[in-house]
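The residues making up each chain are set out below.
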Amino acid sequence: MALERIVVVGGSLAGLRAVETLRREGYEGSLVVVGDEVHRPYDRPPLSKQILTGQWEVEKTALPGSAEDHGAEWKLGTRAVRLDPAARELELSTGERVGYDGLIAATGSRVREIPSTPPLAGIHSLRTLDDALAVRSALEGSPRVCVVGAGFIGAEVAASCRARGLDVTLVEALPVPLGRVLGDRTGAHMAKLHRDHGVDLRCGVGVDGFEGSERVEAVRLSDGTRIPADLVVVGIGVIPNVEWLADTGLDLRDGVACDATCATALPGVFAAGDIACWENPLYGTAMRVEHWTHAVEQGIAAAENLLAGEGAQPFASVPFFWSDQYDTKIQMAGRPLPTDEVEVVHGEEGDHRFVVLYGREGRLVAALGFNRPRSVVQYRRAIGEGKGFADAVADARQA
Ligand SMILES: Cc1cc2nc3c(=O)[nH]c(=O)nc-3n(C[C@H](O)[C@H](O)[C@H](O)COP(=O)(O)OP(=O)(O)OC[C@H]3O[C@@H](n4cnc5c(N)ncnc54)[C@H](O)[C@@H]3O)c2cc1C
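First things first, this report covers the structure right here in the doc. Source: prediction; values computed, not measured. Within any chain, residue numbers begin from 1 and follow the written order of that chain's sequence. Note on the predicted model: pLDDT of at least 70 is required for a residue's local features to be given, and 80 or more for side-chain atom pairs to be given and counted; whole-chain, interface and lining totals, by contrast, use all residues. Computation of side-chain values: all heavy atoms of the structure, hydrogens and water removed.

1. Quick word on the overall build of the chain
For clarity, the cut-off: In DSSP terms, a helix is any run of H or I states spanning at least four residues, a strand is any run of E spanning at least two, and both are numbered starting from the N terminus. Within these notes, the globule rule equals 2.2 Å times the number of residues to the 0.38 power, and the radius of gyration is based on C-alpha atoms. Only protein chains enter the accessibility calculation, which uses a 1.4 Å probe; a residue whose area is less than 20% of its type maximum is buried, one above 50% is exposed, and one in between is partly exposed.
Secondary structure summary: the chain contains 9 helices and 26 strands in total. Scaling as 2.2 N^0.38, a compact globule of 399 residues should have a C-alpha radius of gyration of about 21 Å, and the chain matches this with 22 Å. The principal-axis extents of the C-alpha atoms in the chain amount to approximately 60 × 60 × 35 Å. Within the chain, buried positions represent 52% of all 399 residues.

Here it is in structure tokens:
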């Protein structure tokens, strides 16, 4: 079927890269981008880093290529509310219906909230540019900060607040930060990193509630402790934005289910970025990845495959992300499990410059680097090539 109109839903990172790819690959038909934020596509990683520390002004977060239209009609500040696959139409919050031959779903994710959070001023989360500017403006009043959730975003918020010299309490339900992702040993290193920088890290406790009449005054923890706070930032994970795809028959249990080519079960509908749960041929299983590099790579792959028709290629990818906390650049390639075998190479745990290799069933499955950016990029390639764990450890020890 000739593609006369392609609609990209979610005008941000994966969406922009898909739009650019469609044009680069020679698609000359009509192109419509629907995004519910009013801003042109911007980068989220600096929001918890340079925007909060005040090192960057907003203009610097613009994504390369975001100032151009790419011959597309950009419907920003407009929400996709329903997909009608039988009519091949997308219904928008304006009531308009837009027909499509091809569609790329790239609506990303939104923050998970603590149930029954009272409507108190001073309780924030961090996903959008507007969220980041609201937190930054609150930081200017030198508040006592409590960050709930020591995942990567919460950890970065804590680090940025410490860079501004603020008192920070970081609350984490797990015994160590990121223990479920990185394992307890590496999680313990993350804990030390924060404590060494003056964060009051409380692990193994949940949040029972918030105190205050109009503004938040304190956070009540499950162990009975009361943390006085003027600013609370909640970072307890994200939920994929799939509601507009309800009633389409698609499997939406964990994002949008896709095959190895990023195609959903609906003709002409592909997905990319945080929202897509696709069959990763490298792992022989479906996975959803919430990282920047993935959104870029999958946005490109979904667009190429939409145009390729029968010639669509599997999208095989080793997940990769980075996080900047204090003076430490943390990078991860692959998918570790807490039960994996771990070996520390290229340095010692105490010196903040090392790599942790993760092995499972004899294979190298992940590499986590602290201030070792080049090594992690090389390990990403090695994981994709199926390198053995023992060989990877031996090679690292000889290097
Ligand atoms: C504060 C922060 C820091 C981060 N730092 C890092 C980092 O250091 N390293 C890293 O690897 N990753 C990082 N990430 C993750 C990375 O930014 C995301 O994985 C990436 O943005 C995902 O891109 P996406 O295009 O899939 O989704 P998004 O960037 O979420 O874009 C989706 C867009 O779709 C819009 N949308 C949602 N629903 C609808 C609808 N119904 N109709 C129309 N539009 C809709 C959304 O509002 C949004 O604009 C960070 C994320 C955040 C929030």
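2. Quick look at the pairing of strand 23 (residues 328-334)
The line we're drawing: Paired strands, as defined in this entry, are two strands with at least two bridges between them according to DSSP.
Within strand 23, 6 of the 7 residues are buried, which leaves the element mostly enclosed by the surrounding structure. Bridge analysis of strand 22 (residues 320-325) against strand 23 gives 6 bridges, and the strand direction is antiparallel. Pairing of aspartate 324 across the sheet is with lysine 329, part of strand 23. Hairpin geometry of strand 22 and strand 23 is characterised by an intervening segment of 2 residues between the two adjacent antiparallel strands and by a positive phi of about 55 degrees at tyrosine 326. Here 5 bridges tie strand 23 to strand 26 (residues 363-370), and the two strands are oriented antiparallel to one another. Across the sheet, residue isoleucine 330 finds its bridge partner in strand 26, namely phenylalanine 370.

3. Brief notes about the packing of helix 1 (residues 13-24) against helix 7 (residues 292-308)
Using the following cut-off: Think of each axis as a best-fit line through the C-alpha atoms, taken over the contacting stretch in the case of a helix, with angles from 0 to 180 degrees between the N-to-C directions. By the definition used in this description, the sense in which the near helix is turned from the far one sets the handedness, with an anticlockwise turn below a right angle giving left-handed and a clockwise turn giving right-handed. When checking whether two residues touch, look at their non-hydrogen atoms; a contact exists if any pair is within 4.5 Å. Throughout, the ten residues Ala, Val, Leu, Ile, Met, Phe, Trp, Tyr, Cys and Pro are labelled nonpolar, Asp, Glu, Lys and Arg are labelled charged, and all others, Gly among them, are labelled polar.
Where helix 1 meets helix 7, the axes come as close as 8 Å, and the angle between the chain directions of the two elements is 35 degrees. Crossing of helix 1 against helix 7: the hand is right-handed. Within the contact between the two elements, helix 1 uses Leu13, Ala14, Arg17, Ala18, Thr21, Leu22 and Arg24 and helix 7 uses Trp292, Ala295, Val296, Gly299, Ile300, Ala303, Glu304 and Leu307. Classifying every residue of the contact of helix 1 with helix 7 gives 10 nonpolar, 2 polar and 3 charged.

4. Points about unusual backbone geometry
Phi is positive for arginine 88, close to 50 degrees, though the residue is something other than glycine. Within the secondary structure layout, arginine 88 lies in the loop between strand 4 (80-84) and strand 5 (89-92). A positive phi angle, near 60 degrees, is found at leucine 178, a position not held by glycine.

5. Regarding the side chain of serine 48
For clarity, the cut-off: Nitrogen and oxygen atoms within 3.5 Å of one another constitute a polar contact, given that in protein one can donate a hydrogen and the other can accept it, and given that sequence-neighbouring residues count only through two side-chain atoms.
Within the secondary structure layout, serine 48 lies in the loop between strand 2 (30-35) and helix 2 (50-53). Polar side-chain contacts of serine 48 include one of 3.5 Å to the backbone oxygen of proline 45. Polar contacts involving the side chain of serine 48 include one to the side chain of glutamate 156, which spans 2.6 Å. Excluding anything up to four places from it in sequence, serine 48 contacts Leu126, Glu156, Val157 and Ser160.

6. Details of the nonpolar core
Stated precisely, the cut-off is as follows: We define a nonpolar core as any set of buried Ala, Val, Leu, Ile, Met, Phe, Trp, Tyr and Cys residues linked to one another through side-chain atoms lying within 4.5 Å.
In this structure, Val7, Leu31, Leu83, Leu90, Leu103 and Trp244 are the most contacted members of the largest nonpolar core, which totals 53 residues. Residues contacting leucine 31, with those up to four places away along its chain left out, are Ile6, Val8, Val19, Leu22, Arg23, His70, Gly71, Ala72 and Glu73. Within the second largest apolar cluster, 23 residues are counted, among which are Leu126, Val135, Leu166 and Ala191.

7. Digging into the site of the ligand
Rule in force here: The near set for a molecule or strand comprises every residue that places at least one heavy atom within 4 Å of it. Residue exposure ignores everything except the shown protein chains as possible cover, and the areas themselves are Shrake-Rupley values with a 1.4 Å probe. The split of the chain into domains comes from an automatic or database domain assignment.
Around the ligand, the surrounding shell holds 34 residues, and the nearest of these are Asp36, Glu37, Arg44, Lys49 and Arg127. With the chains in place, 95% of the 1,000 Å² that the ligand exposes on its own is no longer accessible. Sorting the residues of the shell around the ligand by element identifies helix 1, strand 2, helix 4 (152-163), helix 7 and strand 22 as the ones contributing at least two each. Residues of the shell around the ligand, tallied by class, amount to 14 nonpolar, 11 polar and 9 charged. Viewed by domain, the shell around the ligand spans two of them, domain 1 (5-110 + 238-311) and domain 2 (113-234), each represented by three or more residues.

8. Here we look at helix 8 (residues 373-384)
Threshold: To estimate how far a helix should extend, the number of its residues minus one is multiplied by 1.5 Å. Here the arc refers to the directions that run from the helix axis out to each C-beta atom.
Over its 12 residues, helix 8 extends 17 Å from the first C-alpha to the last, a length consistent with the 16 Å expected when each residue adds 1.5 Å. Restricting attention to buried positions, one finds in helix 8 the residues Ser375, Val376, Tyr379, Arg380, Ala382 and Ile383. With its buried residues spanning 165 degrees around the axis, helix 8 presents them on a single face. Set apart from the buried face of helix 8 by more than 90 degrees, the exposed residues are Arg374 and Arg381.

9. Concerning the sheet that holds strand 3 (residues 73-76)
Judged by pairing direction, the sheet is parallel, and its 5 strands sit side by side in the order 3-2-1-7-19 without closing on themselves. Two strands lie at the open edges of the sheet, namely strand 3 and strand 19 (269-271), each paired on one side alone. Here the strands of the sheet are splayed against their neighbours by 15 degrees on average, with no regard to which way each runs. As judged from the 3 bridges shared by strand 7 (residues 102-105) and strand 19, these two strands associate in the parallel manner. Looking across to strand 19, one finds that alanine 105 is bridged to alanine 271.

10. Quick notes on the sheet that holds strand 11 (residues 168-172)
For sheets, the rule is that strands pair by backbone hydrogen bonds, running either parallel or antiparallel. The strand order 9-16-10-11-12 describes an open sheet built from 5 strands, whose pairing is parallel. Edge positions in the sheet fall to strand 9 (123-125) and strand 12 (200-203), since each has one partner strand and no second. Geometrically, the sheet is characterised by an average inter-axis angle of 20 degrees between neighbouring strands, direction not taken into account. One ladder, built from 3 bridges, connects strand 9 with strand 16 (residues 231-234); its direction is parallel. Directly across from serine 125, in strand 16, lies its bridge partner valine 234. Contacts from helix 4 reach strand 10 (145-148), strand 11 and strand 16 within the one sheet, and its direction differs from that of strand 11 by about 170 degrees.

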